[in-house]
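Topology and contacts: notes
Letter by letter, the chains look like this.
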Amino acid sequence: MNDVSVVGPGGGEVIDLGTARIRVLESGATTAHRLGIAEITVPPHTDGPPQHRHAQHDEGFYIISGTARFTVGDTSHDASPGTLVMVPPGAPHTFANLGDEPLVMLNTFTPDLYVQYFRDLRDMISGGRQMTPDSVAAVMGRYATEVATDV
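Anyway, here's the lowdown on the structure attached to this text. (Residues numbered from 1 in each chain as written. Predicted model: local features only at pLDDT ≥ 70, side-chain atom pairs only at ≥ 80, totals over all residues. Heavy atoms only, no water.)

1. A few points about the overall build of the protein chain
Scanning the protein chain from terminus to terminus reveals 2 helices and 12 strands. Secondary structure elements of the protein chain, listed N to C terminal, follow the sequence β-β-β-β-β-β-β-β-β-β-β-α-α-β. For the protein chain, whose C-alpha radius of gyration is 15 Å, the value lies close to the compact-globule estimate of 15 Å for 151 residues. In terms of principal-axis extent, the alpha carbons of the protein chain reach across some 50 × 30 × 30 Å. Here the protein chain holds 151 residues, and 40% of them are scored as buried. Counted over contacts in the protein chain with a minimum sequence separation of 6, partners at least 24 positions apart contribute 65%. In the protein chain, 9 positive and 18 negative side-chain charges are present, and the distance between their average locations comes to 5 Å. (Helix = DSSP H or I, 4+ residues; strand = E, 2+ residues; numbered from the N terminus. Rg over C-alpha atoms; globule rule 2.2 N^0.38 Å. Buried < 20%, exposed > 50% of the residue type's maximum accessible area, 1.4 Å probe, protein only. Contact = heavy atoms within 4.5 Å. Lys, Arg positive; Asp, Glu negative; His and termini not counted. Charge placed at Lys NZ, Arg CZ, Asp CG, Glu CD.)

Next comes the structure, spelled out in structure tokens:
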């Protein structure tokens, strides 16, 4: 018999990354690692990660509230609530919250590779290391992801 996962409004694993908050809704445990889902909350006036490329997973962002500025190569897109941004493997991308209100996004990972990335960043911070471009790039590298240096 297959178990069904039900995660209520206060449920899920919460991962605090400095000012950003990740709430893991599906770690991949229920989906045989085919899909991971997280709710990401980014405070106002906050940059995201360096532009990067995933080699082994698709990533989706559904904007719930606030506005996300997605940068793909040298092109920027402002995504308001109700917008879905899908990023296939190999596409350079990043996001930021340039606005005055919190940004809340539903984030999907297919397969679930990147869920553990957030845990690793949390552990790095709690171990006393800073989130610098080099330290973040090193953690990304564990999950078939590299900083996009050619954009």
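2. Let's talk about the packing of aromatic side chains
Inspection of every chain in the model, using the stated rule, returns 8 aromatic pairs. Their ring planes at 50° and their centres at 6.1 Å tell us that phenylalanine 70 and phenylalanine 95 sit as a pair that is tilted. Remark: phenylalanine 95 occurs in strand S10 (residues 94-97) and phenylalanine 70 occurs in strand S7 (residues 68-72); sequence separation between them is 25 residues. Across the pair, phenylalanine 95 and phenylalanine 70 agree in class, each one buried. (Phe/Tyr/Trp six-rings, centres within 6.5 Å; stacked < 30°, edge-to-face > 60°.)

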